[in-house]
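# Close look at the chain arrangement
Read off the chains here:
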Amino acid sequence: DTKDDPEITLETYDKHQVKVPKSIATRSAIINMMIDDAGDVTEIVPLADKSCTLSIIQRVVEYLKKHAEFEASSADDETVQAFDKQFQEQSDEIIFQTILAANFLDIKNLLELMCKKVADEIKKCKTPDDIRDRFNIRQDYTPEEVEEVKRAHPWIYDRNAK
């Protein structure tokens, strides 16, 4: 019933408008605060962070709606975990943009979920070079600086060193 749950219009960074039930939108602490400050749910809520593009906001809303359904139906942990695992399976770009948007929008459980995905990927790497390769990070140290770091912190490069 839209009278009990009016729609909020979010304006994405790339100037698209997305209508979202207030009960879903206010799961974001920032959007909740913006609506409280405006005192009017008919006002458009601008999302000024560049991570908040249409495609990312649609994903965030999908996540929030699904988790609202899980809470309403008292879904078991297995069901929630299966959805979350599938939700995490995205390109690095989408994962990182979702992390930025969840951080900006103050959606703690989504932020933690996506950061856990990145942490799990990092855990699979054995060395800093593996991490750079996995995330396509450019090496900006000179060979001399790399040697200096290796001497100062051998444990980083040797899993057996204490």
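Residues numbered from 1 in each chain as written. Predicted model: local features only at pLDDT ≥ 70, side-chain atom pairs only at ≥ 80, totals over all residues. Heavy atoms only, no water.

## Focus on the overall build of the protein
Per the secondary structure count, the protein includes 9 helices and 3 strands. By the compact-globule yardstick of 15 Å for 162 residues, the protein is too spread out, its C-alpha radius of gyration being 20 Å. Dimensions of the protein, computed from C-alpha atoms along their principal axes, come out at roughly 65 × 35 × 25 Å. Counting all 162 residues of the protein, 30% fall into the buried class. (Helix = DSSP H or I, 4+ residues; strand = E, 2+ residues; numbered from the N terminus. Rg over C-alpha atoms; globule rule 2.2 N^0.38 Å. Buried < 20%, exposed > 50% of the residue type's maximum accessible area, 1.4 Å probe, protein only.)

## A look at the pattern of salt bridges
Counting across every chain of the model gives 12 salt bridges. Between Lys66 and Glu69 there is a salt bridge, and its shortest N-O distance comes to 3.5 Å. Placement of the pair is Lys66 and Glu69 together in helix H3 (residues 54–72), with a separation of 3 residues, close to one helical turn. Its relative accessible area of 45% is what places Glu69 among the partly exposed residues. For Lys124, the salt bridge is made with Glu121, and the minimal N-O distance between the two is 3.0 Å. Each of Glu89, Asp92, Lys117, Glu121, Lys124 and Arg134 takes part in a single network of salt bridges with overlapping partners. (Salt bridge = Lys/Arg side-chain N within 4 Å of Asp/Glu carboxyl O.)

## Looking at the packing of aromatic side chains
Considering all chains together, one arrives at 5 aromatic pairs under this definition. Both rings, one in Tyr63 and one in Phe87, keep their centres 5.3 Å apart while their planes meet at 50 degrees; by these two values the pair is tilted. One end of the pair, Tyr63, is in helix H3; the other, Phe87, is in helix H4 (residues 77–88), and 24 residues separate them in sequence. Per residue, the accessibility class of Tyr63 equals that of Phe87, and both read buried. (Phe/Tyr/Trp six-rings, centres within 6.5 Å; stacked < 30°, edge-to-face > 60°.)

## Section: the pairing of strand S2 (residues 17–21)
Only one face of S2 is buried, namely the one carrying Val18 and Val20, since none of Gln17, Lys19 and Pro21 on the opposite face is buried. Here strand S1 (residues 7–11) folds back onto S2 in antiparallel fashion, the turn holding 5 residues, of which Lys15 has a positive phi close to 70 degrees. (Pairing = 2+ DSSP bridges.)

## Notes on the nonpolar core
Counting 33 residues, the largest nonpolar core has Leu10, Leu47, Ile57, Val60, Leu105 and Leu110 as the members making the most contacts within it. Contributions of two or more residues to this core are made by S1, S2, helix H1 (22–25), helix H2 (29–38), H3, H4, helix H5 (92–105) and helix H6 (108–123). With 8 residues, H3 is the single largest residue contributor to this core. With residues near it in sequence (within four places) discarded, Leu105 still touches Ser28, Ala29, Ile30, Ile31, Leu47, Cys52, Ile57 and Val60. (Core = buried A, V, L, I, M, F, W, Y, C linked by side-chain atoms within 4.5 Å. Contact = heavy atoms within 4.5 Å.)

## Examining a negative patch on the surface
On the surface, Asp140, Glu144, Glu145 and Glu148 cluster together into a negatively charged patch. Counting through the fold element by element, Glu144 comes out in helix H8 (residues 143–152). Relative accessible area serves as the criterion here: at 57%, Glu144 is assigned to the exposed category. (Patch = residues over 30% accessible without salt bridge, like charges linked within 9 Å, V, L, I, M, F, W, Y side chains within 5 Å. Areas by Shrake-Rupley, 256 points an atom, 1.4 Å probe, with all protein chains shown as cover. Lys, Arg positive; Asp, Glu negative; His and termini not counted. Charge placed at Lys NZ, Arg CZ, Asp CG, Glu CD.)

## Overview of the sheet that holds strand S3 (residues 44–46)
Across the sheet, which stays open at both edges, the 3 strands sit in the order S2-S1-S3 with mixed pairing between neighbours. Looking along the sheet, the strands with just one partner apiece sit at the ends: S2 and S3. For this sheet, the mean inter-axis angle between neighbouring strands, taken without regard to orientation, is 35 degrees. Sheet topology places S1 next to S3; 3 bridges connect them, and they run parallel. Looking at the pairing, Leu10 lines up with Val45 of S3. (Axes fitted to C-alpha atoms, helices over the stretch in contact; angles between N-to-C directions.)

## Overview of H5
Taking 1.5 Å of rise per residue, 14 residues should cover 20 Å, and H5 covers 20 Å from first to last C-alpha, within 8% of that figure. All buried positions along H5 are accounted for by Ile95, Thr98, Ile99, Ala101, Ala102 and Leu105. Tucked inside the fold, the buried residues of H5 contact H2, H3, H4 and H6. (Expected span 1.5 Å × (residues − 1).)

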